[in-house]
Amino acid sequence: MIAVLCGGVGAARFLSGLSDATEPSGVTAIVNTGDDTVLHGLHICPDLDTIAYTLGQRVNPDTGWGVRGDTFRAMEALEALGGEAWFRLGDVDLGTHLYRTGRLAQGATLSRVTAEIAAALGVGVRILPMSDDAVRTNIVLRQGVDPRVDPSVDLGGGRAGDTPVAARGETVSFQDYFVRLHHSVEVSAVEFEGAAGASPAPGVLDVLGSVDRVVIAPSNPVVSIGPILAVPGIAELLSARRGTVVAISPIVAGRALKGPADRLLAELGEESSVVGVARHLREVCGTLVVDTADSNRADEIEAAGLRAVVTDTVMATPERAKALAEVVLAC
Ligand code: FO1
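Residues numbered from 1 in each chain as written. Predicted model: local features only at pLDDT ≥ 70, side-chain atom pairs only at ≥ 80, totals over all residues. Heavy atoms only, no water.

## Quick notes on the site of the ligand
Among the 13 residues in the neighbourhood of the ligand, the closest are listed as Asp35, Asp47, Trp65, Arg88 and Gln175. Arg88 places a polar main-chain atom, nitrogen or oxygen, 2.9 Å from an oxygen atom of the ligand. When the ligand is considered free in solution it has 530 Å² of accessible area, and contact with the protein chains removes 88% of it. In a pocket analysis with a 2 Å cut-off to the grid points, the ligand is assigned to the largest pocket. Looking at the shell around the ligand, the elements that each hand over two or more residues are α2 (46–55) and α6 (174–180). Tallying contributions element by element places α6 first for the shell around the ligand, with 4 residues. Of the residues in the shell around the ligand, the class split is 8 nonpolar, 1 polar and 4 charged. Both domain 1 (34–129) and domain 2 (136–193) contribute no fewer than three residues apiece to the shell around the ligand. (Near = heavy atom within 4 Å. Polar contact = N/O pair within 3.5 Å; in protein donor to acceptor, adjacent residues only side chain to side chain. Areas by Shrake-Rupley, 256 points an atom, 1.4 Å probe, with all protein chains shown as cover. 1 Å grid on protein atoms, 1.4 Å probe; cavity = no way out; pocket = protein on both sides within 12 Å on 5 of 7 lines; lining within 4 Å. Sits in = over half its atoms within 2 Å of the grid points. Helix = DSSP H or I, 4+ residues; strand = E, 2+ residues; numbered from the N terminus. Nonpolar A, V, L, I, M, F, W, Y, C, P; charged D, E, K, R; others polar. Domains from an automatic or database assignment.)

## Quick notes on the environment of Ala323
For Ala323, the location among the structural elements is in helix α13 (residues 318–330). You can call Ala323 partly exposed: its relative accessible area is 37%. Spatially, the C-alpha atom of Ala323 lies 8.8 Å from that of Thr313, the residues being 10 residues apart in sequence. (Buried < 20%, exposed > 50% of the residue type's maximum accessible area, 1.4 Å probe, protein only.)

## Overview of the packing of helix α1 (residues 9–21) against α2
Across the interface, α1 lies against α2 with an axial gap of 9 Å and an inter-helix angle of 35 degrees. The two elements α1 and α2 meet at a crossing, and its hand is right-handed. Contacts between α1 and α2 involve Val9, Ala11, Ala12, Leu15, Ser16 and Ser19 from the first element and Thr50, Ile51, Thr54 and Leu55 from the second. Across the contact of α1 with α2, the residue classes tally to 6 nonpolar, 4 polar and no charged. (Axes fitted to C-alpha atoms, helices over the stretch in contact; angles between N-to-C directions. Left-handed = near helix turned anticlockwise from the far one by under 90°. Contact = heavy atoms within 4.5 Å.)

## Some remarks on the state of the cysteines
Inspection of every chain in the model, using the stated rule, returns 0 disulfides. Lacking any disulfide linkage, Cys6 is separated from the closest cysteine sulfur, that of Cys45, by 14 Å. You can call Cys6 buried: its relative accessible area is 0%. The class of Cys45 is buried, set by a relative accessible area of 0%. (Disulfide = S-S within 2.5 Å.)

## Side note on the packing of aromatic side chains
Applying the stated criterion to the full structure yields 3 aromatic pairs. Measuring from ring centre to ring centre gives 5.9 Å for Trp86 and Phe87, while their planes differ by 75 degrees; the resulting arrangement is edge-to-face. Residue classification places Trp86 among the partly exposed residues on the basis of a relative accessible area of 23%. One aromatic cluster is present, formed by Phe174, Tyr177 and Phe178 through successive ring pairs. (Phe/Tyr/Trp six-rings, centres within 6.5 Å; stacked < 30°, edge-to-face > 60°.)

## Quick word on empty space enclosed by the protein
Inspection of the entire model under this criterion finds 2 cavities of 30 Å³ or more. Space inside the largest cavity adds up to approximately 40 Å³. Lining the largest cavity are Leu48, Asp49, Ala52, Arg100, Thr114, Ile117, Ala118 and Ile127. Looking at the lining of the largest cavity, the elements with two or more residues in it are α2 and α5 (110–120). A breakdown of the residues in the lining of the largest cavity according to their chemical character gives 5 nonpolar, 1 polar and 2 charged. (Points joined across faces, edges and corners; volume = space filled by probe spheres on them.)

## Description of α13
In an α-helix, one full turn covers 3.6 residues, which means residues spaced three or four apart are oriented alike. Compared with an ideal rise of 1.5 Å per residue, which puts 13 residues at 18 Å, α13 spans 18 Å between its outermost C-alpha atoms and is within 8% of the ideal. Turning to α13, its buried residues number three or more, namely Ala321, Leu324, Ala325 and Val328. Take α13 and look down its axis: the buried residues cluster within an arc of 100 degrees, on one side only. For α13, the exposed residues set more than 90 degrees away from the buried face come down to Glu319 and Ala330. (Expected span 1.5 Å × (residues − 1). Arc of directions from axis to C-beta.)

Right, dumping it as structure tokens:
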């Protein structure tokens, strides 16, 4: 039995490989919900959906998120009315958000609704949100975003093209940072609102305490794994068994394969490298799997207190993802 702490696209690819390498029913994915947002009154869980769509063979292969072949007619209609359409929700994807929002309004928990969606998509891996409570990742910007410089940016405090609306050091939601601002702004801090008062979702601590091994997927250690570790009880449990926790570095040769992990690490004072990842995760994991491009950093990883395992970590094909999973299973 194996548990995997997960963010979005990289984790989904790894879980696909793991499902090919081992029996999916023995795998539990514990998924970040800090990216969740409410837009148009709909409860959207990007990482849970990315994982469910990927394992259900429905994901859009070009983006790694959303549904393959989806259309955007609802977004086009919204845009024509002058509505907010910067976060692109496909027509089929909207069905998932409508279902989740309706079930939550009826009183179902997020973990219950997640299980229902996964079952409907034929997913064999057990998918658990990290918590049923709302935890929101907020990003503190180092300086303001001036909509006169980028007129597409309106953080809600004024008209685009008007005076700057994001004062120096303003805090924005994760999706504002990631999608609306294209994560091309400097960050001074990351906060997990609600985490201190949140409880792990039912089953999370039982699974993490009983599985043979825990894997930290190749996800952004700050904004994808960070929120999971911020839920009380999870980091403590992993620290107590860190010798059986294996992380896969999402940084290869100093660069994130996708997203802003490299810049975020540097902006928050860590080295943007496998050594920075090792230092960031050393309290909760005992082994770090790194790419062959980083084999020259193995000694420094060991000096940080982790065992280094070197292999090909770039999951360019399903076969490479399976091979990576096999290495992790053998760790
Ligand atoms: N990412 C984008 O870059 N642009 C989008 O418009 C966008 C829409 C979207 C809709 C549903 C969904 O589940 C994910 C979506 N994502 C989009 C991806 C998402 O912002 C990120 O992948 C994660 O939050 C980071 O893991």
